[in-house]
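# Structural characterization, general
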Amino acid sequence: MSVELETSQGVIVLELYADKAPVTVANFLRYVDAGHYAGGSFYRTVSYENDRGSPKIEVIQGGLSGTAPFDPILHEDTETTALSHLDGTISMARGDVGTADSEFFIVLGDQPALDKGASRNPDKQGFAAFGRVTSGMDVVRMIHRLPSNAPSDSEYTKGQIMEEPAKILAARRIADP
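As the structure is a prediction and not an experimental result, all values here were calculated from the model.

Scoring rules and cut-offs
Residues numbered from 1 in each chain as written. Predicted model: local features only at pLDDT ≥ 70, side-chain atom pairs only at ≥ 80, totals over all residues. Heavy atoms only, no water. Helix = DSSP H or I, 4+ residues; strand = E, 2+ residues; numbered from the N terminus. Rg over C-alpha atoms; globule rule 2.2 N^0.38 Å. Buried < 20%, exposed > 50% of the residue type's maximum accessible area, 1.4 Å probe, protein only. Contact = heavy atoms within 4.5 Å. Areas by Shrake-Rupley, 256 points an atom, 1.4 Å probe, with all protein chains shown as cover. Lys, Arg positive; Asp, Glu negative; His and termini not counted. Charge placed at Lys NZ, Arg CZ, Asp CG, Glu CD. 1 Å grid on protein atoms, 1.4 Å probe; cavity = no way out; pocket = protein on both sides within 12 Å on 5 of 7 lines; lining within 4 Å. Points joined across faces, edges and corners; volume = space filled by probe spheres on them. Phe/Tyr/Trp six-rings, centres within 6.5 Å; stacked < 30°, edge-to-face > 60°. Lys NZ or Arg CZ within 6 Å of the ring centre and 35° of its normal. Arc of directions from axis to C-beta. Pairing = 2+ DSSP bridges.

## Examining the overall build of the chain
A tally of regular secondary structure across the chain gives three helices and eight strands. When the helices and strands of the chain are read in sequence order from the N terminus, they spell out β-β-α-β-β-α-β-β-β-α-β. Over its C-alpha trace the chain gives a radius of gyration of 15 Å, about what one expects of a compact globule, namely 16 Å for 177 residues. When its C-alpha atoms are laid out on the principal axes, the chain stretches across 40 × 35 × 30 Å. Here the chain holds 177 residues, and the buried ones make up 53% of them. Taking contacts inside the chain between residues at least 6 apart in sequence as the whole, the part at least 24 apart equals 70%. In the form shown here, the chain has an accessible surface area of approximately 8100 Å², with 51% of it arising from carbon and sulfur atoms. Counting 16 positive and 25 negative side-chain charges, the chain places the centres of these two groups 3 Å from one another.

In structure tokens form, the structure reads like this:
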């Protein structure tokens with residue numbers, strides 16, 4: 001199953017793993033099918049230079065950046081799904097386990113610190129990987145390089161909020177090749 005994200009920087013095509021992460025994929029598709037991601041954006045870029053977490057990672061984060069219209073979902077960890085945060089993986093952003101809703105991120109480079117058991121989060125539960133970029137990693141890298149010195153509500157994300165977010169113009173299911 002694939003989804004196309006048409007952004008102001010270009011098109012990103014995602015392959016989703018409904019067989020390995022059914023709850024997370026169903027949640028993402030719920031937002032896609034309801035049209036909620038159209039009008040959203042990629043608004044945060046984390047690089048080795050501006051990351052305040054440990055170990056450092058590189059991702060772009062997107063979504064609605066506000067109140068999500070649907071309830072949070074159960075956490076599908078990478079140990080359960082047998083997925084890893086490799087270059088181009090799409091995963092759900094979260095605070096505590098069970099709080100993921102509309103926000104997601106795409107990984108640049110292999111980021112094992114985001115998998116279950118790693119120390120990136122104090123709870124060591126990692127993030128819920130659920131697919132990968134099959135086309136448009138050049139767009140992901142372009143978004144990652146956008147200026148990111150916009151004001152932040154948090155010291156943790158200072159220097160990571162894009163001055164001009166990359167808009168998500170459309171998000172739609174597409175036929176698999």
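Once you've had a look at it, read on.
## Looking at empty space enclosed by the protein
One pass over the full model with this rule turns up one cavity of 30 Å³ or more. Here the largest cavity defines a volume of roughly 40 Å³. In terms of lining residues, the largest cavity is bounded by Thr24, Ile73, Leu74, His75, Glu76, Met92, Arg94, Ala100 and Ala128.

## Overview of the packing of aromatic side chains
All chains considered together, the criterion is met by eight aromatic pairs. Arranged with centres 5.6 Å apart and planes meeting at 35 degrees, the rings of Tyr31 and Tyr37 form a pair that is tilted. On the basis of relative accessibility, which here comes to 0%, the residue Tyr31 falls in the buried class. Assessed through its relative accessible area of 0%, Tyr37 is described here as buried. Taking the centre distance of 5.3 Å and the plane angle of 85 degrees together, the rings of Tyr37 and Phe104 count as edge-to-face. With a gap of 67 residues between them, Tyr37 in the loop between α1 (22–33) and β3 (41–46) and Phe104 in strand β6 (residues 104–107) connect regions that are remote in the sequence. Here Tyr37 and Phe104 have matching classes, each one buried. Linked through ring pairs, Phe28, Tyr31, Tyr37, Phe42, Phe70, Phe104 and Phe130 together constitute an aromatic cluster. A cation sits over an aromatic face here: Lys20 above Tyr17, 5.8 Å from the ring centre. When the ring centre of Phe127 is taken as origin, the NZ or CZ atom of Arg94, which lies over that ring, is 5.2 Å away.

## Observations concerning helix α3 (residues 137–144)
Note on helix geometry: an α-helix contains 3.6 residues per turn, so any two residues three or four positions apart are oriented the same way. Within α3, burial applies to Met137, Val139, Val140, Ile143 and His144. The buried residues of α3 occupy one face: seen down the axis, they fall within an arc of 155 degrees.

## Describing the pairing of β6
Here β6 shows a buried face lined by Phe104 and Ile106 and a second buried face lined by Phe105 and Val107. Bridge count between strand β5 (residues 89–92) and β6: three bridges; the pairing is antiparallel. In the strand pairing of β6, Met92 is matched with Phe104.

## Looking at the pairing of strand β1 (residues 2–7)
Two faces belong to every sheet, and in a regular strand the side chains alternate between them. With five of its six residues buried, β1 lies for the most part within the structure. Relative to strand β2 (residues 10–16), β1 runs antiparallel, the two sharing six bridges. Paired with Thr7 across the bridge in β2 is Gly10. Hairpin connection between β1 and β2: a loop of two residues separates the two successive antiparallel strands. One ladder, built from six bridges, connects β1 with strand β8 (residues 161–174); its direction is antiparallel.

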